Amino acid sequence: MKHLVTGDRNAYDRCIFQVFDHEGRALLITGLGVYPNAGVIDAYATLRIGDELLAVRTSDALTDDRMNLAVGPLRITVDEPLRRLRLQCDADPGDPRSLSYDLTWTADFPAVWEPHHIQRRGDRLMLEGRRFVQAGSVSGSIRAGGEEIAVTAGEWTGTRDRSWGVRPIPGEEGGRAAEELRPDGFHWLWIPVRFEDRFLMVIAQEDADGYRTLNEAVLVRDGHHDTQLGWPQADITYRPGTRHPQRAVVHLTDPARKPLELGVEILTSSPLAIGAGYPPATDWQHGTWQGRGWTDRRGYDLSDTAAHPMAAFGVTDHSARFTLDGRTGHGIFEHGSFGRHGPSGFTGYDSVAG
């Protein structure tokens, strides 16, 4: 769309893909966004292998060709809508060891609507988003550090979401909103899981007191109506002294009121505030004007958590192995907990790394 119904500078249209192997060796996250009222298009890719995170970020002026999902070295091509997409990142010509990839993402299940997402700060609408989520298989190759990683459909999984609406772009911080309207706490879970014959999506968003403001637990299978699985409740085991989850059990309920347990084993983790441009990243955030033709490549050492103090105040995507009703699946355990969260025992922004 070229002209939007709103003149809000924060209007956006963005996607994210998570591509990961089933043993926890690698986690690739990539996405692209357009910000029509800011006149910006940008994209990013991060690859975590071991304790190293490689990042590519690129930004440019938005053109009239809204079907061209490309900026700098990063491209997304829709070969078949909602079914097959191609994800590409060109290598840096001056560095043959730089991050690059060429991947085909194929949907295994239909796209699923997420709940209508609305957030206000005081009386102001800060976020209103429509979103869908989907899981599939991925094939192709990733190159990094001069090595090639084969991506095969049976050993890798891909999840993605697409959202559009209004979402804050940096540049309006401060004022009364920063001093008096800052929320006491925020707790977030976003969990898409791909099993061989089914797809499960769980979402839970809570305030400082544990009041649920967004909720979803839906099971999708071919030939069946979508099945709601009640009111998800998560028991999360954290790494001591942090808000970094190590494992979890998400309690669900089937339509016959039978309890179901979704077991979660964390494989590897990628903080979205490092390299990927999500708040509170300090070196680049989505939608910000960087000038024409801007591309930035860098690496981060994640073995030293003290070197990235703001990562604890952002959402982290964890690739994970899941178990449910005798089945094993793979997906993303996206988690963020900031400030006070009574049910978890977190007392404020200064407690256990958050």
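Small disclaimer: the values here were computed from a predicted structure and weren't measured.

Caption draft 1: Looking closely at the nonpolar core. Ranked by size, the top nonpolar core spans 30 residues in total, and within it Leu-32, Leu-99, Tyr-101, Leu-103 and Ile-142 carry the most contacts. Of all the elements in the fold, those that place two or more residues in this core are strand 1 (11-21), strand 2 (26-35), strand 3 (40-49), strand 4 (52-61), strand 6 (74-80), strand 7 (84-89), strand 8 (100-107) and strand 11 (124-144). In contact with Ile-142, not counting residues within four places along its chain, are Leu-28, Leu-47, Leu-99, Ser-100, Tyr-101, Leu-103, Glu-147, Glu-148, Ile-149, Val-151 and Trp-156.

Caption draft 2: Here's a closer look at the side chain of Ser-163. By the element assignment, Ser-163 lies in strand 13 (residues 156-166). Separated by 2.8 Å, the side chains of Ser-163 and Tyr-12 make a polar contact. Once you skip the residues sitting within four places of it in the chain, Ser-163 turns out to touch Tyr-12, Asp-13, Arg-14, Arg-130 and Arg-131.

Caption draft 3: Here's a closer look at the environment of Ala-217. Its place among the elements puts Ala-217 in strand 16 (residues 212-220). Taking relative accessible area as the criterion, Ala-217 reaches 3% and is therefore assigned buried. For the pair Ala-217 and Gly-230, spaced 13 residues apart in sequence, the C-alpha separation works out to 6.3 Å. Excluding anything up to four places from it in sequence, Ala-217 contacts Met-201, Val-202, Thr-227, Gln-228, Leu-229, Gly-230, Pro-232 and Leu-252.

Caption draft 4: Inspection of the packing of aromatic side chains at higher detail. Per the stated rule, a full pass over the model turns up 9 aromatic pairs. Relative to Trp-164, the ring of Trp-113 has its centre 6.0 Å away and its plane inclined at 65°; by these criteria the two rings are edge-to-face. Of this pair, Trp-113 sits in strand 9 (residues 112-113) while Trp-164 sits in strand 13, and the two are 51 residues apart along the sequence. With 6.0 Å between their ring centres and 35° between their planes, Trp-284 and Trp-294 make a pair best called tilted. Pair noted here: Trp-284 is in the loop between strand 20 (259-271) and strand 21 (294-301) and Trp-294 is in strand 21, with a separation of 10 residues, a long-range link. Each of the two residues, Trp-284 as well as Trp-294, counts as buried. An aromatic cluster is defined as three or more aromatic residues linked by ring pairs; in this entry it consists of Trp-113, Phe-132 and Trp-164. For the cation-ring pair, Arg-160 lies above Trp-105, with the distance from its terminal atom to the ring centre recorded as 5.2 Å. Taking the ring centre of Phe-346 as reference, the NZ or CZ of Arg-243 above it sits at 4.0 Å.

Caption draft 5: Summary view of the pattern of salt bridges. Tallied over the entire structure, the rule returns 21 salt bridges. The shortest N-O distance in the salt bridge between Arg-25 and Asp-21 comes to 3.6 Å. Given a relative accessible area of 51%, Arg-25 falls into the exposed group. Through salt bridges with shared partners, a single ionic network connects Arg-57, Asp-283, Asp-296 and Arg-298.

Calculation notes
Residues numbered from 1 in each chain as written. Predicted model: local features only at pLDDT ≥ 70, side-chain atom pairs only at ≥ 80, totals over all residues. Heavy atoms only, no water. Core = buried A, V, L, I, M, F, W, Y, C linked by side-chain atoms within 4.5 Å. Buried < 20%, exposed > 50% of the residue type's maximum accessible area, 1.4 Å probe, protein only. Helix = DSSP H or I, 4+ residues; strand = E, 2+ residues; numbered from the N terminus. Contact = heavy atoms within 4.5 Å. Polar contact = N/O pair within 3.5 Å; in protein donor to acceptor, adjacent residues only side chain to side chain. Phe/Tyr/Trp six-rings, centres within 6.5 Å; stacked < 30°, edge-to-face > 60°. Lys NZ or Arg CZ within 6 Å of the ring centre and 35° of its normal. Salt bridge = Lys/Arg side-chain N within 4 Å of Asp/Glu carboxyl O.

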